[in-house]
Amino acid sequence: MANMLYFMGFLALSCSLALASDPSPLQDFCVAAPNGQVFVNGQFCKDPKHVTENDFFFGGLNKPGNTANPLGSKVTPVNVAQIPGLNTLGISAARIDFAPYGLNPPHIHPRGTEILTVLEGTLYVGFVTSNAENRLVTKVLQKGDVFVFPQGLIHFQRNAGYGNAVAIAALSSQNPGLIIVANSVFGSKPPISDDVLAKAFQVDKSVVDHLQSQFWMDN
């Protein structure tokens, strides 16, 4: 009986660890078929007979993103929405372009760890650990430097140089998700009650109302 309980506990632990990231493929590939009529956790598989090389391809990551916006940055994602062949493979990428002093604002990837490589320029990057420590971990990165942002933690990147900057990010999910902190808190639809936010941030409601009236752009 004790051995059986031990085995069941080990099995439960193994299953929980196995489910802690994107599901592993059970075949060579499972190219996403986004027109499925039933919602599933991920994407339906296209019939392998109809799969082509273009299901595994994305062109244009060599082209700079348009940074002419209030943030001065542009993220070009390459996830399962752009490459259906990434479905079930647990990986995606992005190109991030920065104008001088441009910012990729504090945000969270709820389903993926990010590893960032600087291709051009100088970036000031960082993340904040979880409660209750809330410790800020930062680093100034130069061309060729690599930095990791753990899954689920608030993080950011800012161009600390005088010229443009470019980085490539790889993420440990086909669809890592994106929650931009300011957009979520002050730009939700419908808006969060200003009473709630005023008490949470310990500011006057007029400050909250002003922030909620701003245009919060996605990056």
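Residues numbered from 1 in each chain as written. Predicted model: local features only at pLDDT ≥ 70, side-chain atom pairs only at ≥ 80, totals over all residues. Heavy atoms only, no water.

Going by what an unreviewed UniProt entry lists, the protein chain is known as Germin-like protein and is assigned to Acorus calamus. In its Subcellular location (unreviewed entry) section, UniProt records this for the protein chain: "Secreted, Extracellular space, Apoplast". Checking UniProt for the protein chain, the heading Sequence similarities (unreviewed entry) contains the comment "Belongs to the germin family." (UniProt positions renumbered as here; feature names shortened; annotations may be inferred.)

This part covers the overall build of the protein chain. When helices and strands are counted, the protein chain shows 4 helices and 10 strands. Element order for the protein chain, N to C, with α for helix and β for strand: α-β-β-β-β-β-β-β-β-β-β-α-α-α. Here the protein chain holds 219 residues, and the buried ones make up 33% of them. Considering only contacts within the protein chain whose residues lie at least 6 apart along the sequence, 69% involve residues at least 24 apart. Of the roughly 13500 Å² of accessible surface on the protein chain, a fraction of 62% belongs to carbon and sulfur atoms. (Helix = DSSP H or I, 4+ residues; strand = E, 2+ residues; numbered from the N terminus. Buried < 20%, exposed > 50% of the residue type's maximum accessible area, 1.4 Å probe, protein only. Contact = heavy atoms within 4.5 Å. Areas by Shrake-Rupley, 256 points an atom, 1.4 Å probe, with all protein chains shown as cover.)

A separate point is a nonpolar patch on the surface. On the surface, a nonpolar cluster with roughly 230 Å² of combined accessible area is contributed by Ile115, Val146 and Val148. Under the relative-accessibility criterion, Val146 is labelled partly exposed at 46%. (Patch = residues over 30% accessible without salt bridge, like charges linked within 9 Å, V, L, I, M, F, W, Y side chains within 5 Å. Salt bridge = Lys/Arg side-chain N within 4 Å of Asp/Glu carboxyl O.)

All right, on to unusual backbone geometry then. Cis peptide bonds are those with omega within 30 degrees of zero, and the linkage from Asn131 to Ala132 qualifies with 5°. Within the secondary structure, Ala132 sits in the loop between β5 (123-128) and β6 (136-141). Here the amide bond leading from Lys189 into Pro190 is cis, since omega sits at -5°, within 30 degrees of zero. Looking at the secondary structure, you find Pro190 in the loop between α2 (181-186) and α3 (194-201). Unlike most non-glycine residues, Tyr101 shows phi in positive territory, near 65°. With respect to the helices, strands and loops of the structure, Tyr101 is situated in the loop between β2 (92-98) and β3 (103-108). Accessibility expressed as a relative area gives 44% for Tyr101, which makes it partly exposed.

With that out of the way, let us pick up the side chain of Asn79. With respect to the helices and strands, Asn79 occurs in the loop between β1 (73-78) and β2. Under the relative-accessibility criterion, Asn79 is labelled buried at 16%. Ignoring sequence-local partners within four residues, the contact set of Asn79 consists of Leu86, Ser92, Ala93 and Gln174.

Spatially, β6-β5-β8-β3-β10 is the arrangement adopted by the 5 strands of the open sheet, whose pairing is antiparallel. Two strands bound the open sheet, and with one partner strand each, they are β6 and β10 (179-180). Sheet topology note: the β3/β10 ladder contains 2 bridges and is antiparallel. Across the sheet, Ile108 pairs through a bridge with Ile179, a residue of β10. (Pairing = 2+ DSSP bridges.)

Counting residues in each nonpolar core, the largest one holds 17 residues, and the members touching the most others are Ile96, Leu116, Leu123, Val125, Leu141, Phe147 and Phe149. Counting residues per element, the ones that place at least two in this core are β2, β4 (114-120), β5, β7 (146-149) and β9 (165-171). Broken down by element, this core gets its largest block of residues, 4 residues, from β9. Not counting residues up to four positions away in its chain, the partners in contact with Phe147 are Glu114, Ile115, Leu116, Val125, Phe127, Val137, Lys139 and Leu141. (Core = buried A, V, L, I, M, F, W, Y, C linked by side-chain atoms within 4.5 Å.)

Before going further, it helps to examine the environment of Lys143. Examined against the element boundaries, Lys143 turns out to sit in the loop between β6 and β7. Taking the relative accessible area as the measure of exposure, Lys143 reaches 57% and is therefore exposed. Taking the C-alpha atoms as reference points, Lys143 and Val166, separated by 23 residues in sequence, lie 9.0 Å from one another. Apart from the residues within four sequence positions on either side, Lys143 is in contact with Val118, Leu119, Glu120 and Gly121. Looking at Lys143, its side chain comes within polar contact range of the side chain of Glu120, at 3.4 Å. (Polar contact = N/O pair within 3.5 Å; in protein donor to acceptor, adjacent residues only side chain to side chain.)

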